[in-house]
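The primary structure of each chain is shown beneath.
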Amino acid sequence: MYYGVTLGGSEYEEVGYSADMPTLTGRLGYEIDHSKYTLGGEARLGYGHKGSFNNADIKMTWLISALGKASWQVMDRVFITGYAGYTIADTKATTTLGSSKITDGSFSYGLSFDLYANSEHGLNFEWIRFLDGTMRGADYTVDYIGLGYFSRF
């Protein structure tokens, strides 16, 4: 088992609108084997602070993900990990005309590079597309890039 925390940025993007949100995610996971090839699962909980564009604000009040993962050791203490699963997020959009709050979910996928300092602690750099769907009448995506710390227990 392991836990971790990642700090990064989520980009909400739709046609004509894009906003970056500072985002914090926590994760808890389990790996079946920790050798050259590893399979596992991970649960995440996240929060995205307000991002703005053209007098419109958007924020992610919460995000929950369940992800399967497969890792491959490419060098000593360096792994590449692929993720696939499902994410549900609650967003709030605010303009001068008012605000709307919507909960939406979609298939999620991503990649990370994991660098182990020793057998228990490490850092990772990741990109994950948490959401890809239609919300508020527009097609949108939420991509996340972050740098994190993880530890096994």
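In this report, the structure presented in the accompanying data block is examined. Treat the numbers as computed from the prediction; the structure is a model and nothing was measured. Here the residue index of a chain counts from 1 through its sequence in written order. Local features in a predicted model are, by the rule used here, given only for residues with pLDDT of at least 70; side-chain atom pairs are given and counted only at 80 or more, and totals for whole chains, interfaces and linings are based on all residues. Neither water nor hydrogens contribute to the side-chain values; these are computed over all heavy atoms in the structure.

A few words now on the packing of aromatic side chains. Geometry of aromatic contacts follows a simple scheme: Phe, Tyr and Trp rings, the Trp one being its six-membered ring, pair when their centres are within 6.5 Å, and the pair is stacked under 30 degrees between planes, edge-to-face over 60, tilted otherwise. Counted according to the given criterion, the structure contains 9 aromatic pairs. Residues Tyr12 and Tyr17 carry aromatic rings whose centres are separated by 6.0 Å and whose planes lie at 65 degrees to one another, so their mutual orientation is edge-to-face. To sort residues, take the accessible area from a 1.4 Å probe on protein chains only and compare it with the maximum for the residue type: under 20% means buried, over 50% means exposed, and anything in between is partly exposed. Since its relative accessible area comes to 1%, Tyr12 is described here as buried. Between Phe79 and Tyr116 the ring centres are 5.3 Å apart and the planes differ by 65 degrees, which places this aromatic pair in the edge-to-face class. One end of the pair, Phe79, is in strand β5 (residues 78-95); the other, Tyr116, is in strand β6 (residues 98-116), and 37 residues separate them in sequence. For the pair Phe79 and Tyr116, a shared accessibility class is recorded, and that class is buried. Helix numbers and strand numbers start at the N terminus; a helix is a DSSP run of H or I with at least 4 residues, a strand a run of E with at least 2.

Before going further, it helps to examine the pattern of salt bridges. Salt bridges, as used here, are contacts in which a Lys or Arg side-chain nitrogen is within 4 Å of a carboxyl oxygen on Asp or Glu. One pass over the structure, following the stated rule, counts 10 salt bridges. With a shortest N-O distance of 3.0 Å, Glu31 and Lys69 are connected by a salt bridge. Taken together, the residues span a long stretch of sequence, with Glu31 in strand β2 (residues 17-31) and Lys69 in strand β4 (residues 56-75) at a distance of 38 residues. Comparing Glu31 with Lys69, the two get one shared label, buried. Here Arg44 and Glu126 are joined by a salt bridge, their closest N and O atoms 2.7 Å apart. Of this pair, Arg44 sits in strand β3 (residues 37-53) while Glu126 sits in strand β7 (residues 121-135), and the two are 82 residues apart along the sequence.

In short, geometric facts, not functional conclusions.
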